[in-house]
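# A look at the structure
So the chains spell out like this:
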Amino acid sequence: MTILEVNDLNVTFRGGIKAVRGVSYRLGRGEVLGIVGESGSGKSVTSLAVMGLLPEGAEISGSVKLHGQELIGMPEEELTRLRGKSIGMIFQDPLSAFTPVYTIGAQIAEAVRIHQKVGKDKAAKRAVELLDLVGIPHPDVRAKAFPHEFSGGMRQRAMIAMAIANDPDVLICDEPTTALDVTIQAQVLEVLKTAQRETGAGIVMITHDLGVVAGLADRVLVMYAGRPVELGGVDEIYYRPRMPYTMGLLASIPRMDRPSARLIPIEGNPPSPAALPPGCPFAPRCPMKVDACDDGEPELEPVGPGSRRAACIRAHEIELKNLDGATIYPVPEPPAETEASRPRAERETVLKVEDLVRHYPLMKGAVFKRRVGTVHAVDGISFDIAEGETLGLVGESGCGKTTTLQQIMQLEAPQDGTIVVLGKDSAKLGRGERTALRRDLQIVFQDPMAALDPRMPVGDILAEPLRAHGRKDVPARVAELLTLVGLEPSHAERYPQHFSGGQRQRIGIARALALEPKLIVLDEPVSALDVSIQAGVINLLEDLKVKLGLSYLFVAHDLSVVRHIADRVAVMYLGKIAEVGTVEEVYARPAHPYTRALLSAIPLPDPNLERSRERILLEGDLPSPASPPSACRFRTRCPKRARLSAEDARRCDTEEPIVTRLAPAADHGAACHYPEVTEVPETAVS
Amino acid sequence: MRSKVVFARMLRNRQTRYGLIALLLLLLLAYVGPFFGPHDWLEKDFTAFMEPPSADHWWGTTQIGQDVYAVALHGMQKSIVIGFLVALISTGLAALVGASAGYFGGWLDKALMWGADLLLVLPSFLIIAIVSPNLRGGSWLWFVLLLAAFSWMITSRVVRSMTLSLREREYILAARYMGIPGWKIIIRHVVPNLSSLLIIDATLNVSAAIIGEAGLSFFGFGVQPPDVSLGTLIAAGSDKVPGYSWLFLFPSGLLVLLVLSVNLIGDGLRDALDPGSNS
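Residues numbered from 1 in each chain as written. Chains lettered and ligands numbered in written order. Predicted model: local features only at pLDDT ≥ 70, side-chain atom pairs only at ≥ 80, totals over all residues. Heavy atoms only, no water.

Secondary structure assignment for chain A yields 24 helices and 24 strands. Rg of the C-alpha trace for chain A: 26 Å, near the compact-globule value of 26 Å for 686 residues, within the 12% margin. Dimensions of chain A, computed from C-alpha atoms along their principal axes, come out at roughly 75 × 65 × 65 Å. Pairs at least 24 apart in sequence give 68% of the contacts found in chain A among residues at least 6 apart. Accessible surface, chain A: about 29300 Å² in total, of which carbon and sulfur atoms supply 51%. A gap of 4 Å separates the mean positions of the 80 positive and 90 negative side-chain charges of chain A. (Helix = DSSP H or I, 4+ residues; strand = E, 2+ residues; numbered from the N terminus. Rg over C-alpha atoms; globule rule 2.2 N^0.38 Å. Contact = heavy atoms within 4.5 Å. Areas by Shrake-Rupley, 256 points an atom, 1.4 Å probe, with all protein chains shown as cover. Lys, Arg positive; Asp, Glu negative; His and termini not counted. Charge placed at Lys NZ, Arg CZ, Asp CG, Glu CD.)

This is the structure we're talking about:
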């Protein structure tokens, strides 16, 4: 039964910007439709148009039918009656979706009372029930809490509770888990499944994360440049994509299950909606482009058996030859290893961090400040990086990754512990030595928008470190750097805002390379980029590492990217290292219960694997670093501890585990009293 | 690119267009106008004292036979120069002090902001009134410095707080981790990124300085005779308004027009540079 039917939906913004062009889909009862696309593909605008929430000045044409009732052109009062009752919406940012001055319970009760004739008490009771349904502990107490007292994951649960308060027929989720950490994301996705079971609603799931869609959706709609380019069942799309864009997208994702394969980037950038190419919008980036592609935009047409449709004139050919992304896209050459790598023990150590501690005082009072507590941001961590090695530092937000970075980059004496960069102790550096050492230690930031001064042309941005360290031949070096990262030397005259996100990140990398450093700290360098762009930047980082003999400290929350790029990995939890070792060891045989949960929470872009996987769901949120649990930091959420005998469990409460080597031969350690031992069949070891 | 957009957005605002045109005309009048007048501002016509406007003396004459047209335009020149100079110095000072205080923090921040607070609580009018007679015979530039010294504090506090947030931006961090000295970061990264605030502030400071100069000169603490400014002219004409209104009306009319046009431009600039601020 079709509940929501969208037909030829078009949205044009002021200035003739066509954000959505001809989107059509049907959503059945209890069905999950995933809409995927990169930023700017029009996926969010589509859903806002369905809800009737677009700002004035947006022209909408086409038809949106809910239970056969036309929504486009419906008077605002009638729409208001439908919104929240028949259509629920879950937004990306749950903080701005709640009014900060009312309690969560009151806001959910209000949603109930607006659409149902019930008394205040009954609505409040219903709110508590709903909060219980979405898995909020002590719902009766938490209902009286204000939005800021909830954590991000909790807020998103409350948002789901509010969206399902009136038993909607359609739930529109706009990137509901993008702002959340993986373990929390796994929890929220689970709640979303529960919500769907309870209400039987159809879900439109909008996301850029192909892993999330693989695990949740029944059907998938792929959007590019405001247009649907492929629509079909989830298995069809993931295993047999027939539109080159989908094929490229799937080939460009770093996969945990096949880490060694080289990533395949899609060249170029998505077109601007104000200046679309004449024919197929994907043609300029398409490896299968023929002249006929420029003649006109292809329609979504059925391809092969089943319900799948693709917008590509060569889709039938792809179907016949059964091509996939790896065959049609040119696979970039892996960089040639210059010399056989020496064993780790023989290589020079470029960075050594030992028992690093960074505590922040928690102050209170306006006139007389007094210390009321301590934030244990980083609480005694140790790791080292050998020459030519990449160490991935992973963990959820609030675990102290960024603080660790800042401590290293500042090159000053830490509160406690030592930081040794290239054999020089940061506590014993003189002024001149510190400046000199900065040549060898550079950083690439997460947000390519914020990391480049918007008022400086790119040439000046790159020249700045060169001039500061007294290099001659600055213009020549700038041109050389731009070429090195895959840009044109003529780009030096442009300003950062003229570049796309991926290009800007390349400029950031070029700046870090300017002084020929030995160690580069990468602070989530690809997390702000779209997948097809991300692949190119990761490949660039890999190439540069081999070419220039760099070492990386790669900080990230995306474990698949780390699996791909890192040699060793350190997992952080609440200011401590939980597990450290080579990626092969840690990913294949995770020993710490936290690492296991983290790895199992990552959505894989593979529907079959997603369905058969067993998830370890963690309870609750990350505890506050101002009052971390005593002894083992993870004990409050540890799934392993729950299975221990009372006597064994007491050890977790009283004795702090330290990172211990698991096997004498393996480079792998975990801070757990009862590390998991994974039995690996003999064949899988090699 | 950006400046083009800003300029186009500014011109779209009708009041700003009027302001720009008015200011241009006033500047033309002040600097080109005297060449067309029949009299020099120092010239005294002993045949015409307190004459009303006529074909010979367009805006009338003063009690010592000076041509009001020539004198008023000369006064306006002085007022404009003082206004722009004061705005330039005080905004520059505010940017420097505010950005240093915000960027370096610590004791420097405390000392600079303490200084700014101290200047804020001192009654500037009184201080200038006391100090300026001692500079009699000195250059009018001293007066400019005095005016500037008392008008940078509030802006510097705004600049400081904006610098505090800029300091955490990644491009500033990047520069710091590159080993670039603090003062270079301030000049190269902090101040250019505050330029919209500073441009607006400088524009609004121009009109404030012109008014301030006129006010002080009115009471005899500003520009000293024989030099004239709009303030001294207004003061000289103010007691003769009933019978000899041209002595007062022309200089004060010029003052009102000048300040009004600068303010219109300032408002338009603010709306254009900072689209969030307009209603």
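Our focus in this paragraph is the UniProt feature "domain: ABC transporter" (unreviewed entry) in chain A. Mapped onto the present numbering, the UniProt feature "domain: ABC transporter" (unreviewed entry) falls on residues 4–250 and 351–599 of chain A. Secondary structure over residues 4–250 of chain A splits into 39% helix and 26% strand, and the C-alpha atoms at its two ends are 28 Å apart. (UniProt positions renumbered as here; feature names shortened; annotations may be inferred.)

With 24 residues of chain A in contact, the opposing surface of chain B contributes 17 residues. Contact between chain A and chain B buries roughly 1900 Å² in total, counting both sides, with carbon and sulfur atoms accounting for 57%. A per-residue breakdown of the area chain A buries against chain B is headed by Phe445, Arg455 and Glu464 of chain A, which together make up 32% of the total. On inspection of chain A and its partner chain B, the count reaches 1 salt bridge. (Buried area = accessible area lost by both parts, 1.4 Å probe. Salt bridge = Lys/Arg side-chain N within 4 Å of Asp/Glu carboxyl O.)

Residues and elements named next belong to chain B. According to UniProt, the feature "transmembrane region" (unreviewed entry) maps to residues 80–104, 111–133, 139–159 and 243–265 in the numbering used here. Helix makes up 100% of residues 80–104 and strand 0%. Its end C-alpha atoms lie 36 Å apart. Taken as a whole, residues 243–265 contains 87% helix and 0% strand, while its terminal C-alpha atoms sit 36 Å from one another.

To continue, consider the confidence of the model for chain A. Mean pLDDT over chain A works out to 86, with 97% of the residues at or above the 70 mark. Per-residue pLDDT, averaged within each element of chain A, yields its smallest value for helix H24 (residues 682–685) of chain A (39) and its largest for strand E15 (residues 390–394) of chain A (93). (pLDDT = per-residue confidence, 0-100.)

Bringing helix H10 (residues 244–252) of chain A into the picture now. With 9 of its 9 residues buried, H10 of chain A lies for the most part within the structure. Along H10 of chain A, the residues that are buried comprise Pro244, Tyr245, Thr246, Met247, Gly248, Leu249, Leu250, Ala251 and Ser252 of chain A. (Buried < 20%, exposed > 50% of the residue type's maximum accessible area, 1.4 Å probe, protein only.)

On to the packing of aromatic side chains, then. Within this structure, the stated rule accounts for 12 aromatic pairs over all chains. Ring geometry for Trp59 of chain B against Tyr69 of chain B: centres 5.2 Å apart, planes inclined by 85°, an arrangement best described as edge-to-face. With Trp59 of chain B in the loop between helix H3 (33–36) and helix H4 (68–104) and Tyr69 of chain B in helix H4, this pair connects stretches of sequence that are 10 residues apart. When its relative accessible area of 15% is taken as the criterion, Trp59 of chain B is described as buried. Residue class for Tyr69 of chain B comes out buried when judged on its relative accessible area of 7%. If you follow Arg563 of chain A out to its NZ or CZ, it ends over the ring of Tyr587 of chain A, 5.4 Å from the centre. Sitting over the face of the ring of Tyr674 of chain A, Arg651 of chain A holds its NZ or CZ atom 5.8 Å from the ring centroid. (Phe/Tyr/Trp six-rings, centres within 6.5 Å; stacked < 30°, edge-to-face > 60°. Lys NZ or Arg CZ within 6 Å of the ring centre and 35° of its normal.)

Residues and elements named next belong to chain A. Tracing the sequence through the fold places Gln107 in helix H3 (residues 104–115). The class of Gln107 is buried, set by a relative accessible area of 5%. Contacts of Gln107, omitting those with residues within four sequence positions, involve Phe98, Thr99, Tyr102, Pro147 and Met162.

Looking now at the sheet that holds strand E11 (residues 301–302) of chain A. All names here are of chain A. On the basis of which strands lie adjacent, the open sheet formed by 8 strands has the order E6-E7-E8-E3-E9-E10-E12-E11 and mixed pairing. Of all strands in the sheet, those bounded by a partner on one side alone are strand E6 (87–90) and E11. By the bridge criterion, 2 bridges tie E11 to strand E12 (residues 309–310) in an arrangement that is antiparallel. Following the sheet pairing, Pro302 is matched in E12 by Arg309. Packing of helix H6 (residues 152–163) onto the sheet brings it into contact with E6 and strand E7 (170–174), and relative to E6 it is tilted by some 170°. (Pairing = 2+ DSSP bridges. Axes fitted to C-alpha atoms, helices over the stretch in contact; angles between N-to-C directions.)

Here the focus is the pattern of salt bridges. Where charged atoms of side chains with opposite charge meet at close range, the side chains can pair. All names here are of chain A. Tallied over the full model, the rule gives 40 salt bridges over all chains. Glu38 is the partner of Arg285 in a salt bridge, and the nearest nitrogen-oxygen pair spans 4.0 Å. A residue pair is termed long-range when its members are at least 10 positions apart, and Arg285 in the loop between H10 and E11 and Glu38 in the loop between strand E3 (32–36) and helix H1 (43–51) qualify at 247 residues. Residue Glu38 is classed as buried on the basis of its relative accessible area, which comes to 3%.

Let us look at empty space enclosed by the protein. Remark: the empty space left among the atoms is shown by a probe the size of a water molecule rolled over them. Residue and element names in this part refer to chain A. In total, this model carries 6 cavities of 30 Å³ or more according to the counting rule given. Counted as a void, the largest cavity has a volume near 120 Å³. Tyr573, Lys576, Ile577, Ala578, His592, Ala631, Cys632, Arg633, Phe634, Glu656, Pro657 and Ala671 together form the lining of the largest cavity. No other element matches the 3 residues that strand E22 (residues 576–582) contributes to the lining of the largest cavity. Partitioned by chemical class, the residues of the lining of the largest cavity number 8 nonpolar, 1 polar and 3 charged. (1 Å grid on protein atoms, 1.4 Å probe; cavity = no way out; pocket = protein on both sides within 12 Å on 5 of 7 lines; lining within 4 Å. Points joined across faces, edges and corners; volume = space filled by probe spheres on them. Nonpolar A, V, L, I, M, F, W, Y, C, P; charged D, E, K, R; others polar.)

Residue and element names in this part refer to chain A. Met205, Val220, Tyr238, Tyr245 and Phe282 are the most contacted members of the largest nonpolar core, which has 74 residues in total. No fewer than three residues from each of domain 1 (2–217) and domain 2 (224–328) sit in this core. Ranked by size, the runner-up nonpolar core spans 66 residues in total, among them Leu462, Leu482, Leu487 and Ala601. (Core = buried A, V, L, I, M, F, W, Y, C linked by side-chain atoms within 4.5 Å. Domains from an automatic or database assignment.)

Residues and elements named next belong to chain A. By the assigned domains, chain A splits into domain 1 (2–217), domain 2 (224–328) and domain 3 (345–440 + 515–578). The C-alpha centroid of domain 2 is placed 29 Å from the C-alpha centroid of domain 1. The partner domain 2 presents 19 residues to the 14 residues of domain 1 that form the contact. Roughly 1400 Å² is buried in total at the junction of domain 1 and domain 2, and carbon and sulfur atoms are behind 57% of that figure. Linking domain 1 with domain 2 are 2 salt bridges, by the criterion used here. Residues Glu297 and Arg21 are paired through a salt bridge, measuring 2.9 Å at the closest nitrogen-oxygen approach. Our count for the contact surface shared by domain 1 and domain 2 stands at 7 residue pairs in polar contact (both at pLDDT 80 or more). Looking at the side of domain 1 that touches domain 2, the elements with two or more residues in it are strand E2 (17–28) and helix H8 (210–216). Per-element accounting of the side of domain 1 that touches domain 2 gives the leading share, 7 residues, to E2. The residue makeup of the side of domain 1 that touches domain 2, split by class, is 9 nonpolar, 2 polar and 3 charged. (Polar contact = N/O pair within 3.5 Å; in protein donor to acceptor, adjacent residues only side chain to side chain.)

Residue and element names in this part refer to chain A. One open sheet accounts for 4 strands, arranged E2-E1-E4-E5; its pairing is antiparallel. Every interior strand has two partners, whereas the edge strands, E2 and strand E5 (69–70), have only one. Both strand E1 (residues 2–13) and strand E4 (residues 59–66) contribute to a ladder of 7 bridges, which runs antiparallel. Across the sheet, the residue bridging to Asn7 is Ser63, located in E4. Across the sheet, H1 lies against E1, E2 and E4, angled at about 115° from E1, the strand it touches most.

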